[in-house]
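Breakdown of the fold
Here's the letter readout for the chains.
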Amino acid sequence: MARIDLEHIRHAYGAKPKSENDYALKEVHHKWNDGGAYALLGPSGCGKTTLLNIISGPDQSVRGTHPLRRQGRDAPVHAGPQHRPGVPVPGHLRHDDRLRQSRLSPAQPRMCRRAEVDRRVKEIIEMIGLGGWAGKKAQGLTADQKQKISLGRGLVRSDVSAILFDEPLTVIDPEMKWVLRSQIKRLHKQFGFTMVYVTHDQTEALTFADKVVVMYDGQIVQIGTPAELFERPRHTFVGYFIGSPGMNVLPARIDGSTATIGSETIALNFRPEIKAGAKTELGIRPEFVSTRSRGHAG
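Treat the numbers as computed from the prediction; the structure is a model and nothing was measured.

Criteria and thresholds
Residues numbered from 1 in each chain as written. Predicted model: local features only at pLDDT ≥ 70, side-chain atom pairs only at ≥ 80, totals over all residues. Heavy atoms only, no water. Helix = DSSP H or I, 4+ residues; strand = E, 2+ residues; numbered from the N terminus. Expected span 1.5 Å × (residues − 1). Buried < 20%, exposed > 50% of the residue type's maximum accessible area, 1.4 Å probe, protein only. Contact = heavy atoms within 4.5 Å. Arc of directions from axis to C-beta. Phe/Tyr/Trp six-rings, centres within 6.5 Å; stacked < 30°, edge-to-face > 60°. Lys NZ or Arg CZ within 6 Å of the ring centre and 35° of its normal. Axes fitted to C-alpha atoms, helices over the stretch in contact; angles between N-to-C directions. Parallel < 35°, antiparallel > 145°, perpendicular 65-115°, else oblique. Left-handed = near helix turned anticlockwise from the far one by under 90°. Nonpolar A, V, L, I, M, F, W, Y, C, P; charged D, E, K, R; others polar. pLDDT = per-residue confidence, 0-100. Salt bridge = Lys/Arg side-chain N within 4 Å of Asp/Glu carboxyl O. Polar contact = N/O pair within 3.5 Å; in protein donor to acceptor, adjacent residues only side chain to side chain.

Let's shift gears to helix H4 (residues 143-155). Counted at 1.5 Å a residue, the expected span for H4 with its 13 residues is 18 Å, and the 19 Å between its end C-alpha atoms agrees. With eleven of 13 residues buried, H4 lies mostly within the body of the structure. All of the buried residues along H4 are Asp144, Gln145, Gln147, Lys148, Ile149, Ser150, Leu151, Gly152, Arg153, Gly154 and Leu155.

Inspection of the secondary structure assignment puts Ile220 in strand E8 (residues 219-224). What makes Ile220 buried here is its relative accessible area of 16%. Separated by 193 residues in sequence, Ile220 and Glu27 place their C-alpha atoms 8.8 Å apart. Sequence-distant contacts of Ile220, that is, excluding residues within four places in its chain, are made with Val28, His30, Trp32, Leu51, Val213, Val214 and Met215.

This brings us to helix H3 (residues 114-127). Note that an α-helix has 3.6 residues per turn; residues three or four places apart therefore point the same way. Taking 1.5 Å as the rise per residue, H3 with 14 residues should run 20 Å; its terminal C-alpha atoms sit 20 Å apart, in good agreement. The complete set of buried residues in H3 reads Val117, Arg120, Val121, Ile124, Ile125 and Met127. The buried residues of H3 all sit within an arc of 160 degrees when viewed along its axis, so they share a single face. Exposed and oriented more than 90 degrees from the buried face of H3 are Ala115, Lys122 and Glu126. At the exit of H3 stands Gly129, carrying a positive phi of roughly 80 degrees.

Tallying each qualifying case throughout the model produces six aromatic pairs. Between Trp32 and Tyr38, the ring centres sit 5.3 Å apart and the planes meet at 20 degrees, which makes this aromatic pair stacked. Residue Tyr38 is classed as buried on the basis of its relative accessible area of 6%. Centroid distance Tyr216 to Phe237: 4.5 Å. Interplanar angle 20 degrees. Geometry classified as stacked. Linking Tyr216 in strand E7 (residues 211-216) with Phe237 in helix H8 (residues 236-241), this pair joins segments that are 21 residues apart in sequence. According to the relative accessible area criterion, Tyr216 is partly exposed, its value standing at 37%. One aromatic cluster is present, built from ring pairs that chain together Phe165, Tyr197 and Phe208. Directly above the ring of Phe208 sits Lys185, whose terminal nitrogen or CZ lies 5.9 Å from the centroid. One cation-aromatic arrangement involves Arg285 over Phe230; the distance from NZ or CZ to the ring centre is 4.2 Å.

At a minimum axis distance of 11 Å, the contact between H4 and helix H5 (residues 174-191) shows a crossing angle of 15 degrees. Judged by the angle between their axes, H4 and H5 are roughly parallel. Judged by the sense of rotation from one axis to the other, the crossing of H4 with H5 is right-handed. For the pair H4 and H5, contact is made by Asp144, Lys148, Leu151 and Leu155 and by Met176, Leu180, Gln183, Ile184 and Leu187, respectively. Of the residues belonging to the contact of H4 with H5, the class tally is six nonpolar, one polar and two charged.

This part is about the confidence of the model for the chain. Mean pLDDT for the chain: 77, with 78% of residues reaching 70 or above. When pLDDT is averaged over each helix and strand of the chain, the minimum, 42, is found for helix H2 (residues 89-94) and the maximum, 95, for E7. pLDDT under 50 marks residues 67-81. Its contacts with residues more than four places away, or in other chains, come to 43 contacts. Contacts for the low-pLDDT stretch residues 83-111, under 50 throughout, to residues beyond four places or in other chains number 88 contacts.

Here we come to the pattern of salt bridges. Within this structure, the stated rule accounts for eight salt bridges. Of the charged contacts, one joins Asp5 and Arg3 as a salt bridge, the two residues approaching to 2.7 Å between their closest N and O atoms. For Arg3, a relative accessible area of 52% gives the class exposed. We note a salt bridge from Arg10 to Glu20, for which the minimum N-O separation is 3.4 Å. Here the residue Arg10 occupies a position in strand E1 (residues 4-11), and Glu20 occupies one in the loop between E1 and strand E2 (25-32), the gap between them amounting to ten residues. Take Glu20: its relative accessible area is 39%, and that puts it in the partly exposed class. One salt-bridge network, held together by shared partners, links Arg3, Asp5, Glu7 and Lys31.

With that out of the way, let us pick up the side chain of Ser56. Structurally, Ser56 can be placed in the loop between helix H1 (48-55) and strand E4 (77-78). Among the residues examined, Ser56 registers a relative accessible area of 0% and is labelled buried. A polar contact is formed between the side chain of Ser56 and the backbone oxygen of Asn53, at a distance of 3.0 Å.

What follows is the structure, given as structure tokens:
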């Protein structure tokens, strides 16, 4: 399996970044556990795919290497299915008796015996629910079936350590998304691969991942379980982005254990520690609000 250590990584697409604003990915310094299921969640342009591409690069030093040569040979499993219409399903997975190399091991492709390749391909085809399509042409497959093949391509190597998904269910209809998410989750439990799943859809992230990595403006702003992100957001964006509807964020003034919003005061059950002069806001989730008739306390 694979533990992913990100040590003081940042990335700029320009040749000579001069300020922090020139970086598409601000400094990242995190460790992700072996066998974990992680979702990179955030709006378009926040740096999710940039970070995923860095993770999928070589497991060796890249100092002094030209940026265009730092990427590993295999890109992540992308959203759009990529298939040649005339290739039979098992043959497409087999890659002419050669299995795809591991995401995190940029070693030379290894030749495998035909019998072992056929056994592994058939096992994966049955696992992803395409057993009836063995030997048929890819041109007859639907979008979700092609996407299943893309998933199978990532699983067919028996020595894969990590599987990276970049918006894998974008082209899939809502009902089939739920089915495929369930299958991916089951595969994770069955094989224990480290999985990193990029999405801008909070439903996908919260139902797939053990830990959700929320990104905003090129930064990781919080990592936590779905419950932690919902109940204890550490960043205004997390409170707003997680939940449907999102958290209402209102400017507030704090005095001891009392919050003042406009002319209304709200008693808190703790005394927040706030630095002098710091901007203070109060986040309120609609789910935790109830109404009472005038004259009743609360």
